[in-house]
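Chain by chain, the residues:
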Amino acid sequence: MERVAVASSNIKSIGYECGADGLGELEVEFRSGGVYRYLGVPAVTHDDLMLAPSVGAYLHARIKPVYPCERVPPEREGKDGG
């Protein structure tokens with residue numbers, strides 16, 4: 001999944017792929033290492049995240065507690081689809 005850099009002290013980049021149902025996968029690459037994928041995230045939530053004054057605060061308050069998450073294996077972190 002292609003990610004774009006964001007202005008954040010904790011988050012390096014964010015990627016999003018939306019499905020036909022309006023829900024998608026959100027990938028977050030942290031500056032400390034590791035890429036995590038949040039599942040079933042609505043497109044509007046991704047849009048709100050990207051426009052938030054604090055990307056990290058929005059992720060912590062509105063995404064982490066709501067959407068299931070999986071760590072992207074290190075060997076897939078920099079490749080398409082992972």
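Up top is the structure.
Since this is a predicted model, take the numbers as computed values, not measurements. (Residues numbered from 1 in each chain as written. Predicted model: local features only at pLDDT ≥ 70, side-chain atom pairs only at ≥ 80, totals over all residues. Heavy atoms only, no water.)

Please provide a residue-by-residue account of the overall build of the protein chain, values included.
In terms of helices and strands, the protein chain carries 2 helices and 5 strands. Going from N to C terminus, the protein chain has its helices and strands arranged as β-β-β-β-α-α-β. Over its C-alpha trace the protein chain gives a radius of gyration of 12 Å, about what one expects of a compact globule, namely 12 Å for 82 residues. On the principal axes, the C-alpha backbone points of the protein chain span a range of 30 × 30 × 20 Å. (Helix = DSSP H or I, 4+ residues; strand = E, 2+ residues; numbered from the N terminus. Rg over C-alpha atoms; globule rule 2.2 N^0.38 Å.)

Account for the side chain of arginine 37, with residues named and values stated.
Positionally, arginine 37 belongs in strand E4 (residues 35-42). Its relative accessible area of 10% is what places arginine 37 among the buried residues. Separated by 2.5 Å, the side chains of arginine 37 and glutamate 27 make a polar contact. (Buried < 20%, exposed > 50% of the residue type's maximum accessible area, 1.4 Å probe, protein only. Polar contact = N/O pair within 3.5 Å; in protein donor to acceptor, adjacent residues only side chain to side chain.)

Can you break down the packing of aromatic side chains residue by residue, with the values?
The way to describe two aromatic rings as a pair is by their centre distance and the angle between their planes. One pass over the full model with this rule turns up 1 aromatic pair. Centroid distance phenylalanine 30 to tyrosine 36: 5.8 Å. Interplanar angle 75 degrees. Geometry classified as edge-to-face. (Phe/Tyr/Trp six-rings, centres within 6.5 Å; stacked < 30°, edge-to-face > 60°.)

Any chance you could break down the sheet that holds E4 for me, citing the residues and the numbers?
Two modes of strand pairing occur in sheets, parallel and antiparallel, and in both the strands are linked by backbone hydrogen bonds. Spatially, 5 strands are ordered E1-E2-E3-E4-E5 in an open sheet, and the strand pairing comes out antiparallel. Edge positions in the open sheet fall to strand E1 (3-5) and strand E5 (69-71), since each of these has one partner strand only. Across the sheet, the mean angle separating the axes of adjacent strands is 25 degrees when strand polarity is ignored. By the bridge criterion, 3 bridges tie E1 to strand E2 (residues 11-18) in an arrangement that is antiparallel. In the sheet register, valine 4 faces E2, and the bridge partner there is isoleucine 14. In the packing of helix H1 (residues 43-51) onto the sheet, contacts are made with E1, E2, strand E3 (23-30) and E4, and the angle to E4 comes to roughly 125 degrees. The sheet strands contacting helix H2 (residues 55-63) are E2, E3 and E4, and the helix crosses E2 at an angle near 50 degrees. (Pairing = 2+ DSSP bridges. Axes fitted to C-alpha atoms, helices over the stretch in contact; angles between N-to-C directions. Contact = heavy atoms within 4.5 Å.)

Tell me about the pairing of E2, and name the residues and values.
Remark: 5 residues form the turn of the hairpin made by E1 and E2, two consecutive strands paired antiparallel. Of the strand pairs in this sheet, E2 and E3 are connected by 7 bridges, and their pairing is antiparallel. Paired with glycine 15 across the bridge in E3 is glutamate 27.

Explain the pattern of salt bridges residue by residue, including any values.
Taken as a whole and judged by the stated rule, the model has 5 salt bridges. The salt bridge involving arginine 37 is made with glutamate 25; its shortest N-O contact spans 3.6 Å. Of this pair, arginine 37 sits in strand E4 while glutamate 25 sits in strand E3, placing them 12 residues apart in sequence. Connected through shared salt-bridge partners, Arg3, Glu25, Glu27, Glu29, Arg37 and Glu70 make up one network. (Salt bridge = Lys/Arg side-chain N within 4 Å of Asp/Glu carboxyl O.)

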